[in-house]
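Descriptive analysis of the structure
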Amino acid sequence: MATLVGGICTSHVPAIGAAVDHNRTGDPNWKALFEGVRPAQDWMREARPDVVIVVYNDHASRFDLNLTPTFALGVGEFFMPHDEGHGARPVPACKGDPEFAWHLVESMVLRDEFDITMVNNMTVDHGCTVPLSLAFGQPGQWPCRVIPLCVNVIQYPQPTANRCYRLGQAIRRAIDSYGQDIRIAIFGTGGMSHQLQGERAGLINADYDRMWLDRIVTDPLALTRIGHTELLREAGSEGLEIIMWLVMRGAMNETVRPVHRFYHVPASNTAYGMLILENA
Amino acid sequence: MENLDHPRDYDDIPGTYVFDGRRLRAGYALNMFCKSLDLASNREAFSSDALAYLAEFDLTPEQHNAVVARDWIGMLQLGGNIYYTFKLAIFDGLSMQHVGAAMSREPMTVEDFREMMSRGGRPIQGNRSRKEH
């Protein structure tokens, strides 16, 4: 039977990927961040997942204004990195797990009535590849299969925080009913507070971020009741994407054990946060 | 059902352009021009003759002028979405800090903006609501 070995929340700031790709992780403005996230690589080596489900948002890469799926799951054989304007990141292609992905889809749609969009042909952008770099460094191939799960957090109306949590619960029921003996990890990515756009660009709200880091562990249901206007106001227009952490949290047990917590300002224009959780 | 154009509670957040259906409808052509720059061949075409390339998109005169002037805040006011307009910034070789500085209400250089971020970012105090201004 499949096992969920743990979950990671992490921001997916593109500049982090650029720092990795250009070997600038030891630079003065990056050193503290990369030291703070190093335990993720150690944890992944111990956890040895066969598959990672990466919950992230597509940044006008695979999808554009013509088509905005609220939730979209990659069911293909592989996913190439997307060219986001200066050539694709020099990272490996993600090898998918179509058999497990189709099991997820059937379980979600038929049992949980969670009508997710199935995507066979998709590229993955920094939202997916930066968390993989943080978890695995710079290997020639990613050491596990990857299932990308895109959440629309760009086009209002985004799904509610509660819907994201319930999606995670549906993913967990699918994992628990999968007959193959594989180890699975799930990443909830994005956040923390940041605003890229408008006269308020550069916004950071560290108190609000720390509240999320606390409650995602101890009281995620309180977070599921937060509405979009509060998120836009307090976390920033792009910080709203922290709702994707709740997908990961919904998949985990009600009680979890945090094994690593790290918070750092700034990563480019963003507050960086990481949590590694195991089921208690 | 209320009209799409009814005021929203998030309109009260200062300096923030929530990308809802109103903005998608206003900014569709502008954003899709920016999106086209994902392709290296389009970047080359825009690079060699910007005005001819822009003419292929159904921009309003105001959007056209904002693109030519690289008026980053103007593009948002005309329906631009930052993830799309940033593709134009990448084309120009600019970072998110450049664009952030250019969009600020008070004049800021990119160094000012970086300095603000390294001091903990733009504070939330005073920036929650238009009523605070």
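Treat the numbers as computed from the prediction; the structure is a model and nothing was measured.

A few words now on the overall build of chain B. A count of helical and extended segments in chain B gives 8 helices and 0 strands. Each helix and strand of chain B, placed in order from N terminus to C terminus, yields the pattern α-α-α-α-α-α-α-α. With the C-alpha coordinates of chain B rotated into their principal frame, the extents come out at 45 × 45 × 20 Å. Per-residue burial over chain B gives 34% buried out of 133 residues.

Our next topic: the overall build of chain A. Of the regular secondary structure elements, chain A holds 9 helices and 10 strands. Taken over the C-alpha trace, chain A has a radius of gyration of 17 Å; the compact-globule value for 280 residues is 19 Å, and the two agree within 12%. Expressed as lengths along the three principal axes of its C-alpha atoms, the size of chain A is roughly 45 × 40 × 40 Å. Residues classed as buried in chain A amount to 55% of the 280 residues present. Counting contacts in chain A only where the partners sit at least 6 residues apart, residues at least 24 apart contribute 82% of the total.

Looking now at the domain arrangement of chain B. Residues and elements named next belong to chain B. In terms of domain boundaries, chain B breaks down into domain 1 (20-91) and domain 2 (93-122). Distance between the C-alpha centres of domain 1 and domain 2: 22 Å. Residue-level contacts link 4 residues of domain 1 with 6 residues of domain 2. For the side of domain 1 that touches domain 2, the elements supplying multiple residues, two or more each, are helix 5 (72-77) and helix 6 (82-91). For the side of domain 1 that touches domain 2, the per-class residue count stands at 4 nonpolar, no polar and no charged.

All names here are of chain B. With respect to the element layout, G80 can be found in the loop between helix 5 and helix 6. Exposure remark for G80: the 29 C-beta atoms within 10 Å place this residue in the buried category. Expressed as a C-alpha distance, the spacing of G80 and A29, which sit 51 residues apart in the sequence, is 9.1 Å. Not counting residues up to four positions away in its chain, the partners in contact with G80 are G27, L30, N31, M75 and T85.

Moving on, we come to helix 5 (residues 161-176) of chain A. Taking 1.5 Å of rise per residue, the 16 residues of helix 5 of chain A would be expected to cover 22 Å, and the 23 Å separating its terminal C-alpha atoms lies within 8% of that figure. Those residues of helix 5 of chain A not exposed but buried are A161, C164, Y165, L167, G168, A170, I171, A174 and I175 of chain A.

All right, on to the sheet that holds strand 9 (residues 256-267) of chain A then. All names here are of chain A. Reading across the sheet, the 8 strands line up as 6-3-7-2-8-1-10-9 and stay open at both edges, with mixed pairing between neighbours. Each edge of the open sheet carries a strand with a single partner, namely strand 6 (117-119) and strand 9. Direction aside, neighbouring strands of the sheet carry axes that sit 20° apart on average. Here 6 bridges tie strand 2 (residues 51-56) to strand 7 (residues 145-151), and the two strands are oriented parallel to one another. Each residue of the ladder has a partner; that of V51, found in strand 7, is R145. Lying over the sheet, helix 4 (residues 126-136) contacts strand 1 (3-10), strand 2, strand 7 and strand 8 (183-189), oriented at roughly 135° with respect to strand 2. The strands touched by helix 5 are strand 1, strand 2, strand 3 (71-74), strand 7 and strand 8; relative to strand 1, the strand with the most contacts, the crossing angle is about 155°.

With that out of the way, let us pick up the interface of chain B and chain A. Accessible area lost upon the coming together of the parts is a frequently used measure of interface size. Residue-level contacts link 42 residues of chain B with 31 residues of chain A. Every element with two or more residues in the side of chain B that touches chain A is listed here: helix 1 (21-36), helix 5, helix 6, helix 7 (96-103) and helix 8 (110-118) of chain B. Broken down by element, the residue count for the side of chain B that touches chain A peaks at 6 residues, all from helix 6 of chain B. Residue classes in the side of chain B that touches chain A are distributed as 23 nonpolar, 11 polar and 8 charged.

This part covers the confidence of the model for chain B. Of the residues in chain B, 95% reach a pLDDT of 70 or more, and the chain-wide mean stands at 95. Model confidence for the complex is summarised by a pTM of 0.97, with the ipTM given as 0.95.

Right, let's get into the nonpolar core. The biggest cluster of nonpolar side chains holds 116 residues, and the ones touching the most others in it are I53, V55 and M244 of chain A. Leaving out residues up to four positions away in the same chain, I53 of chain A has contacts with I147, L149, I171, I184 and I186 of chain A.

Here we come to the environment of Q197 of chain A. Within the secondary structure layout, Q197 of chain A lies in the loop between strand 8 and helix 6 (206-218). On the basis of neighbour counts, which here come to 28 C-beta atoms within 10 Å, the residue Q197 of chain A falls in the buried class. Residues Q197 of chain A and Y156 of chain A, spaced 41 residues apart in sequence, show a C-alpha to C-alpha distance of 15 Å. Residue contacts for Q197 of chain A: discarding those within four places in its chain leaves S237 of chain A together with Y17, L76 and I82 of chain B.

Turning to the packing of helix 7 of chain B against helix 8 of chain B, a few remarks are in order. Helices that pack against each other are described as a pair by the angle of their axes relative to one another and the distance between those axes. Residues and elements named next belong to chain B. Viewed as axis vectors pointing N to C, helix 7 and helix 8 meet at an angle of 100°, and their least axial separation amounts to 8 Å. One way to sum up the angle between helix 7 and helix 8 is to call them roughly perpendicular. Contact residues: Q97, H98, G100 and A101 in helix 7; V110, D112, F113 and R114 in helix 8. Considered class by class, the residues forming the contact of helix 7 with helix 8 number 3 nonpolar, 3 polar and 2 charged.

A word on the pairing of strand 8 of chain A. The side chains of a regular strand alternate, residue by residue, between the two faces of the sheet. All names here are of chain A. The element strand 8 is extensively covered by neighbouring structure, given that 6 of its 7 residues are classed as buried. Strand direction decides the pairing type here: strand 2 and strand 8, joined by 5 bridges, are parallel. The residue bridging V54 from the neighbouring strand is F187, located in strand 8.

Residue and element names in this part refer to chain A. By the secondary structure assignment, E241 is in the loop between helix 8 (228-234) and helix 9 (245-251). Using a count of 28 C-beta atoms within 10 Å as the deciding quantity, one classes E241 as buried. Here the alpha-carbon distance between E241 and V259, two residues 18 residues apart in the chain, equals 23 Å. Residues in contact with E241, not counting those within four places in the same chain, are N57, V153, G190 and G191.

Conventions and cut-offs
- Residues numbered from 1 in each chain as written.
- Chains lettered and ligands numbered in written order.
- Predicted model: local features only at pLDDT ≥ 70, side-chain atom pairs only at ≥ 80, totals over all residues.
- Helix = DSSP H or I, 4+ residues; strand = E, 2+ residues; numbered from the N terminus.
- Buried ≥ 20, exposed ≤ 12 C-beta atoms within 10 Å, placed from the backbone.
- Rg over C-alpha atoms; globule rule 2.2 N^0.38 Å.
- Contact = placed C-beta atoms within 7 Å.
- Domains from an automatic or database assignment.
- Nonpolar A, V, L, I, M, F, W, Y, C, P; charged D, E, K, R; others polar.
- Expected span 1.5 Å × (residues − 1).
- Pairing = 2+ DSSP bridges.
- Axes fitted to C-alpha atoms, helices over the stretch in contact; angles between N-to-C directions.
- pLDDT = per-residue confidence, 0-100.
- Core = buried A, V, L, I, M, F, W, Y, C linked by C-beta atoms within 7 Å.
- Parallel < 35°, antiparallel > 145°, perpendicular 65-115°, else oblique.

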